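Inside the fold
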Amino acid sequence: MLAPEFWKQFEETFGPKMRVVIPNRQTVFVFPDLESDLDQYSRMVIEAWRSRWPKVSLEVFELSEKGLSAMGSFDDP
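Residues numbered from 1 in each chain as written. Predicted model: local features only at pLDDT ≥ 70, side-chain atom pairs only at ≥ 80, totals over all residues. Heavy atoms only, no water.

Re the overall build of the protein
- A count of helices and strands for the protein gives two helices and four strands.
- Beginning at the N terminus, the succession of helices and strands in the protein can be written as α-β-β-α-β-β.
- For the protein, whose C-alpha radius of gyration is 12 Å, the value lies close to the compact-globule estimate of 11 Å for 77 residues.
- Dimensions of the protein along its principal axes, counting C-alpha atoms only, are 30 × 25 × 20 Å.
- Residues classed as buried in the protein amount to 34% of the 77 residues present.
- Per element, the accessible surface of the protein, about 5,300 Å² overall, is 49% carbon and sulfur.
- Computed over 9 positive and 13 negative side-chain charges, the inter-centroid distance for the protein is 7 Å. (Helix = DSSP H or I, 4+ residues; strand = E, 2+ residues; numbered from the N terminus. Rg over C-alpha atoms; globule rule 2.2 N^0.38 Å. Buried < 20%, exposed > 50% of the residue type's maximum accessible area, 1.4 Å probe, protein only. Areas by Shrake-Rupley, 256 points an atom, 1.4 Å probe, with all protein chains shown as cover. Lys, Arg positive; Asp, Glu negative; His and termini not counted. Charge placed at Lys NZ, Arg CZ, Asp CG, Glu CD.)

Some points on the pattern of salt bridges
- According to the stated counting rule, one finds two salt bridges in the structure shown.
- A salt bridge links R19 to D33, with the shortest nitrogen-to-oxygen separation between them at 3.0 Å. With R19 in strand β1 (residues 17–24) and D33 in the loop between β2 (27–32) and α2 (42–49), this pair connects stretches of sequence that are 14 residues apart.
- A residue is classified by how much of its surface remains accessible, and R19, at 13% relative accessible area, is buried.
- Of the charged contacts, one joins R43 and E47 as a salt bridge, the two residues approaching to 3.1 Å between their closest N and O atoms. Of this pair, R43 and E47 both sit in helix α2, four residues apart, which is roughly one turn of the helix. (Salt bridge = Lys/Arg side-chain N within 4 Å of Asp/Glu carboxyl O.)

Regarding the sheet that holds strand β3 (residues 59–64)
- One open sheet accounts for four strands, arranged β2-β1-β3-β4; its pairing is antiparallel. Each edge of the open sheet is held by one strand with a lone partner, namely β2 and β4 (67–73). Neighbouring strand axes in the sheet, compared pairwise and without regard to direction, differ in orientation by 30° on average.
- In this sheet, β2 lies alongside β1 in antiparallel orientation, the contact comprising five bridges. Of the residues in β2, the one forming a bridge with M18 is P32. (Pairing = 2+ DSSP bridges. Axes fitted to C-alpha atoms, helices over the stretch in contact; angles between N-to-C directions.)

So this is what it looks like as structure tokens:
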């Protein structure tokens, strides 16, 4: 996700900004920046977080050509 190639790979599909969540070592969720309500995906993200794979983070990051910045996080109920 930190490599410039990651952003470039998804730019054509998601646009110049995207949101990224990596709940475990096997899963990366990439959402277009236009999707303002990520809460609709919380169940899917939390299920991935609780999976058997080692946990990474519930944080939501904005990824753009300028780099990465934290935007918030999903809450584990």
